[in-house]
Amino acid sequence: MISPWIPLSLLCAFSLATSDALAKRALTHHNEHLILWLRLLLASPFLLAMLPFIPIPTLAPGFYRATLVSLPLEALASVLYIRALKLSPLSLTLPLLALTPLFLLAVPSLLLGERISRAGTAGVLLIVTGTYCLNLGRARREFLEPLRATMRDRGARCMLGVALIYSVTSTLGKQAVAASSPLFFAAIYIPLLTLLLTPLALRNMKGGVRGVFASGAVKEAILPALFYALMVLTHMSAIAMTRVAYMISLKRLSLLMGVIYGHVLFHEQGIAGRLAGTLLMLCGVALITLYP
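Residues numbered from 1 in each chain as written. Predicted model: local features only at pLDDT ≥ 70, side-chain atom pairs only at ≥ 80, totals over all residues. Heavy atoms only, no water.

The name an unreviewed UniProt entry assigns to the protein chain is EamA domain-containing protein, from the organism Pelobacter propionicus.

What follows is the structure, encoded as structure tokens:
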């Protein structure tokens, strides 16, 4: 019998990739900061609705510190994330999120002198090779051109920033969950993030609330928000059933799904190299995550 966390993790991956693809489509007509805020705002009621039905935990002291430090970093990562979706192809930007576990592995190694295992070393090599493959067609000009092309892309640079920030917030998030509970943290974190991003959204509202409705932004943000809420709920439910490393490894399939969405919905080019690169990066992530 299949353990419930497996289909939940796969549904989580599908929900995230679908939300990102639908958000990118909405970004062709609307301001990215407004769509970001609406996606979070419209998802929040579904998350807050859990509170009456879940046990409210006694919050350990570390919860407040981890949450307060994480929220501004998460807000910055969210702004960079939505900017990356707007500026660049999904098939180029989303795979770069696979660099988060690489940063998690590399930073302690560089700062604390911790040794990287053989599996970790192999994972690093696979992720770097996969990153190279994202712009493989550029290799005809010069060997290092694929990496340089990625670094020159503004959306890719934004997503690199996201991956780096996530390497910090993922640790803080684990601390906050350990000091509360997975479902409670999910229920309050996104609404708090929405509140933090509200001033930015208000600055980008043309015509006030009526203008937002009249422009169709709310209508286009509903589906991305629904899938985003489903992603958060399935993430926290699955992570409570198994080891974090196992769940996250399956959730990373969202990167592969995002590449496919980029080709199918937005007719992005170079899909073969980007699929190959994403698969290599996912294998690298699995090695780093499952065999630290």
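Having put the structure on the table, let's press on.
## A few points about the overall build of the protein chain
The helix and strand tally for the protein chain stands at 14 helices and 0 strands. At 19 Å, the protein chain has a C-alpha radius of gyration in line with the 19 Å of a compact globule built from 292 residues. Its C-alpha atoms put the protein chain at 55 × 45 × 40 Å along the principal axes. By residue count, 50% of the 292 residues in the protein chain fall in the buried class. Looking at the protein chain alone, contacts between residues at least 24 apart form 85% of all its contacts between residues at least 6 apart. As displayed, the protein chain has an accessible area near 14000 Å², and 70% of this comes from carbon and sulfur atoms. Of the side chains in the protein chain, 24 bear a positive and 9 a negative charge, and the two mean positions are spaced by 2 Å. (Helix = DSSP H or I, 4+ residues; strand = E, 2+ residues; numbered from the N terminus. Rg over C-alpha atoms; globule rule 2.2 N^0.38 Å. Buried < 20%, exposed > 50% of the residue type's maximum accessible area, 1.4 Å probe, protein only. Contact = heavy atoms within 4.5 Å. Areas by Shrake-Rupley, 256 points an atom, 1.4 Å probe, with all protein chains shown as cover. Lys, Arg positive; Asp, Glu negative; His and termini not counted. Charge placed at Lys NZ, Arg CZ, Asp CG, Glu CD.)

## With respect to the nonpolar core
Membership of the largest hydrophobic core comes to 78 residues, with the highest contact counts inside it found for L38, Y81, L94, L99 and M159. Here this core takes 11 residues from helix 11 (residues 217-239), the largest share from any one element. (Core = buried A, V, L, I, M, F, W, Y, C linked by side-chain atoms within 4.5 Å.)

## A short note on helix 14 (residues 271-290)
Here helix 14 is 20 residues long and its end C-alpha atoms lie 28 Å apart, about the 28 Å a rise of 1.5 Å per residue gives. Buried residues of helix 14: I271, G273, R274, G277, T278, M281, L282, G284, V285, I288 and T289, and no others. What you see down the axis of helix 14 is that its buried residues fit within an arc of 165°, all on one side. (Expected span 1.5 Å × (residues − 1). Arc of directions from axis to C-beta.)

## Considering helix 8 (residues 154-178)
Over its 25 residues, helix 8 extends 36 Å from the first C-alpha to the last, a length consistent with the 36 Å expected when each residue adds 1.5 Å. The largest bend in helix 8 is about 30°, located at Y166. (Bend = angle between axes of the 7 residues up to and from the residue.)

## Quick look at the packing of aromatic side chains
Taken as a whole and judged by the stated rule, the model has 5 aromatic pairs. When the centroid spacing of 5.5 Å and the interplanar angle of 85° are considered together, the rings of F63 and Y64 count as edge-to-face. Here Y64 falls in the partly exposed class, since its relative accessible area comes to 47%. Through a chain of ring-to-ring contacts, the aromatic side chains of F63, Y64, F184, F185 and Y189 assemble into a single cluster. Just above the ring of F266 sits the side chain of K24; from NZ or CZ to the centre is 5.8 Å. (Phe/Tyr/Trp six-rings, centres within 6.5 Å; stacked < 30°, edge-to-face > 60°. Lys NZ or Arg CZ within 6 Å of the ring centre and 35° of its normal.)

## Section: the side chain of T150
Topologically, T150 is positioned in helix 7 (residues 145-152). Classification of T150 as buried rests on a relative accessible area of 0%.

## Some thoughts on the side chain of S44
Tracing the chain through its elements places S44 in helix 2 (residues 32-48). Judged by its relative accessible area of 6%, S44 falls in the buried class. Residues within four places of S44 in sequence aside, it is in contact with I190, P191 and T194.

## Here we look at the environment of T93
By the element assignment, T93 lies in helix 4 (residues 90-93). Looking at T93, the relative accessible area reads 0%, which means it is buried. In this view, T93 contacts A84, S88, G155, A156 and M159; residues no more than four positions away in its chain are not counted. Reaching out from T93, the side chain makes a polar contact with the backbone oxygen of P89 at a distance of 3.0 Å. (Polar contact = N/O pair within 3.5 Å; in protein donor to acceptor, adjacent residues only side chain to side chain.)

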